[in-house]
Amino acid sequence: MRPLIGIRREDKNRWERRAPLTPGCVRRLVAGGIDVAIQPSGVRAFRDDEYAAAGARGAEDLSDCRVVFGVKEMPPAIFRPGVAYAFFAHVAKGQAYNMPMLRALLDAGAHLIDYEKIVDAAGRRLIFFGRYAGLAGAVDTLWALGRRLLSDGAATPLAGIEPAHRYDALPAAVEAVVRAGREIAATGLPERLAPLVIGVAGYGNVAGGVIEILDALGARDVPPEDLPALFEPGRADTRAVYRVTFREEHTVEPIDPAAAFDLAEFFRSPERYRGRFERFVPMLTVLFNCIYWAPRYPRLVTKAFLREHFGGARAPRLRVIGDISCDVLGGVECNVGTTTPDSPVYVWDPVADRAVDGWEGRGPVVLAIDNLPCEIPVESSTEFGNALMRFVPDMARADWTGGFGTLDLPREVKDAVIAYAGRLTPAYEYISEHLRLFEAGCGR
């Protein structure tokens, strides 16, 4: 009997047009002896008839599938006993907003596979949308910068850039950025903006996408230690945009002044470190946050710092924060809420501690879209699906009816099984404490 897998429709919002597997992936699976059922969708970037032509069958009910693949969180009502669900679960850090979903999955006796936990031996993620979050987020942030500068009375070529979702495809967005960069190189920026410095915190897949767009803009790479020299008289070039990439050694330092920075120790014992990144902020026009953050780590930028930074008589250089990692009240503490592609930015008011829609105001403009890759749905889904395909046949053919110890899956996937048959697996039992605290607070 041929195994059957399912593809769920995304319904988090009208912008979520991605798919975990493309029609091309389905064609390969069907040819390889695996049947595919797919829920119809009117917003998915790939049409239902494209999936049908590839051999998938339309189905509202996916309960007969061994594995159901999605992208974003799934509604509690979908879970069925013995079915494996693969998606970005956002529960591994004990995220409170997804504890009800996790409880429903456990109560249903289902299995949970989290894409975020599918990693290689070195802990590097193997299936991700991060590059496309960086690409879309960089385009959107440059758009926001162009609008903010224009509202401040500075017309620049950046004002010709549109948000990523307004372009038919990624190459058109990149070409718009290239044109803006060429115009800056030819005609220059207003002298009061020089040097225009864009800081990128992080160096992973997300940061890589950001840097691709900044390379298209023609940004010049400057090491962090050379950044102050740009502010010496006569050094800044109005025909240039500068990019600075910050790693952990630039963002944190040991609390013990006699200790040396040690990356392995920082990851192991972040409580021994404090933030040091804010010393760079006065030199930045734009900050991209592309770093992983959890509450045990120091923040990149705090509200207290920004309140002081924006409290003086002179307006600071910082105009826009592109929080691509998008942890609300996280590494960038002034991210006080997520946004959507049709209303992508707000100004964080440092006095009132609130978000004001748009790009005008005293505080920094904050871009906080939490599903940026959906702005480039075809390209991002294609790359994601091709990476996922490495594991799909094994997931489809696995025996999900036995015990977890006997579950035969590639190591990378088995390590990403957060729940099995309604119970948290040994590596993720710590989540039970988050679940308990959440339910105690809700009076369950």
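In this text the structure is predicted, and so the values were computed from the model without any measurement. (Residues numbered from 1 in each chain as written. Predicted model: local features only at pLDDT ≥ 70, side-chain atom pairs only at ≥ 80, totals over all residues. Heavy atoms only, no water.)

Draft legend 1. The arrangement of the packing of aromatic side chains in detail. Summed over the entire model, instances satisfying the criterion amount to 19 aromatic pairs. Following the ring pairs from residue to residue traces out a cluster consisting of Phe-261, Phe-266, Phe-267, Tyr-273, Tyr-292 and Tyr-297. When the ring centre of Phe-404 is taken as origin, the NZ or CZ atom of Lys-414, which lies over that ring, is 4.9 Å away. (Phe/Tyr/Trp six-rings, centres within 6.5 Å; stacked < 30°, edge-to-face > 60°. Lys NZ or Arg CZ within 6 Å of the ring centre and 35° of its normal.)

Draft legend 2. Quick look at the state of the cysteines. One pass over the structure, following the stated rule, counts 0 disulfides. Between Cys-25, a free cysteine, and Cys-65, which holds the nearest cysteine sulfur, the sulfur-to-sulfur gap is 16 Å. No disulfide involves Cys-326; its sulfur sits 11 Å from the nearest other cysteine sulfur, which is in Cys-334. (Disulfide = S-S within 2.5 Å.)

Draft legend 3. Up close: the nonpolar core. Ranked by size, the top nonpolar core spans 69 residues in total, and within it Ile-5, Leu-21, Phe-69, Phe-79 and Ile-113 carry the most contacts. Here this core gets 6 residues from one element, more than from any other, and that element is helix 3 (residues 99-108). Setting aside its immediate chain neighbours within four residues, Ile-113 contacts Ala-84, Tyr-85, Ala-86, Phe-87, Ile-118, Met-395, Trp-400, Val-413, Ala-416 and Val-417. In this structure, Ala-138, Leu-142, Val-200 and Ile-324 belong to the second largest nonpolar core, which totals 49 residues. (Core = buried A, V, L, I, M, F, W, Y, C linked by side-chain atoms within 4.5 Å. Buried < 20%, exposed > 50% of the residue type's maximum accessible area, 1.4 Å probe, protein only. Helix = DSSP H or I, 4+ residues; strand = E, 2+ residues; numbered from the N terminus. Contact = heavy atoms within 4.5 Å.)

Draft legend 4. Summary view of the sheet that holds strand 5 (residues 84-87). Spatial strand order, 3-2-1-4-5-6-17-18: 8 strands in an open sheet with mixed pairing. Only two strands of the sheet have a single neighbouring strand rather than two, namely strand 3 (57-58) and strand 18 (423-424). As paired strands, strand 1 (residues 4-7) and strand 4 (residues 67-69) are joined by 3 bridges and run parallel to one another. Across the sheet, Gly-6 pairs through a bridge with Val-68, a residue of strand 4. (Pairing = 2+ DSSP bridges.)

Draft legend 5. Representation of the sheet that holds strand 8 (residues 220-221) in the model. Sheet architecture is open: 8 strands sit in the order 8-9-7-12-13-16-14-15, paired in mixed fashion. Both outer strands of the open sheet, strand 8 and strand 15 (354-357), are each paired with one neighbouring strand and no more. Bridge analysis of strand 13 (residues 320-323) against strand 16 (residues 365-367) gives 3 bridges, and the strand direction is parallel. The residue bridging Ile-321 from the neighbouring strand is Val-366, located in strand 16.

Draft legend 6. Looking closely at the environment of Leu-4. Secondary-structure assignment places Leu-4 in strand 1. For Leu-4, a relative accessible area of 12% corresponds to the buried category. Sequence spacing of Leu-4 and Glu-162 is 158 residues, and the spatial spacing of their C-alpha atoms is 42 Å.

Draft legend 7. Representation of unusual backbone geometry in the model. Note that the residue after Ala-194, namely Pro-195, is joined by a cis bond; omega there is -5°. Tracing the backbone through its elements, the reader meets Pro-195 in the loop between helix 5 (170-187) and strand 7 (196-201). Of note, the phi angle at Asp-353 is positive, near 50°, even though the residue is not glycine. Considering the arrangement of structural elements, one finds Asp-353 in the loop between strand 14 (345-349) and strand 15.

Draft legend 8. Focus on the layout of surface pockets. Volume-wise, the second largest pocket comes out at about 340 Å³. Contributing to the lining of the second largest pocket are 16 residues, with Arg-192, Ala-315, Pro-316, Arg-317 and Arg-319 lying nearest its centre. Its residues assigned to classes, the lining of the second largest pocket shows 6 nonpolar, 2 polar and 8 charged. (1 Å grid on protein atoms, 1.4 Å probe; cavity = no way out; pocket = protein on both sides within 12 Å on 5 of 7 lines; lining within 4 Å. Points joined across faces, edges and corners; volume = space filled by probe spheres on them. Nonpolar A, V, L, I, M, F, W, Y, C, P; charged D, E, K, R; others polar.)

Draft legend 9. Seen up close, helix 5. Its 18 residues give helix 5 an end-to-end C-alpha distance of 26 Å, which sits within 8% of 26 Å, the value for a rise of 1.5 Å per residue. The complete set of buried residues in helix 5 reads Leu-170, Ala-173, Ala-176, Val-177, Val-178, Ala-180, Gly-181 and Ile-184. After helix 5 finishes, the residue Gly-188 shows a positive phi value of roughly 85°. (Expected span 1.5 Å × (residues − 1).)

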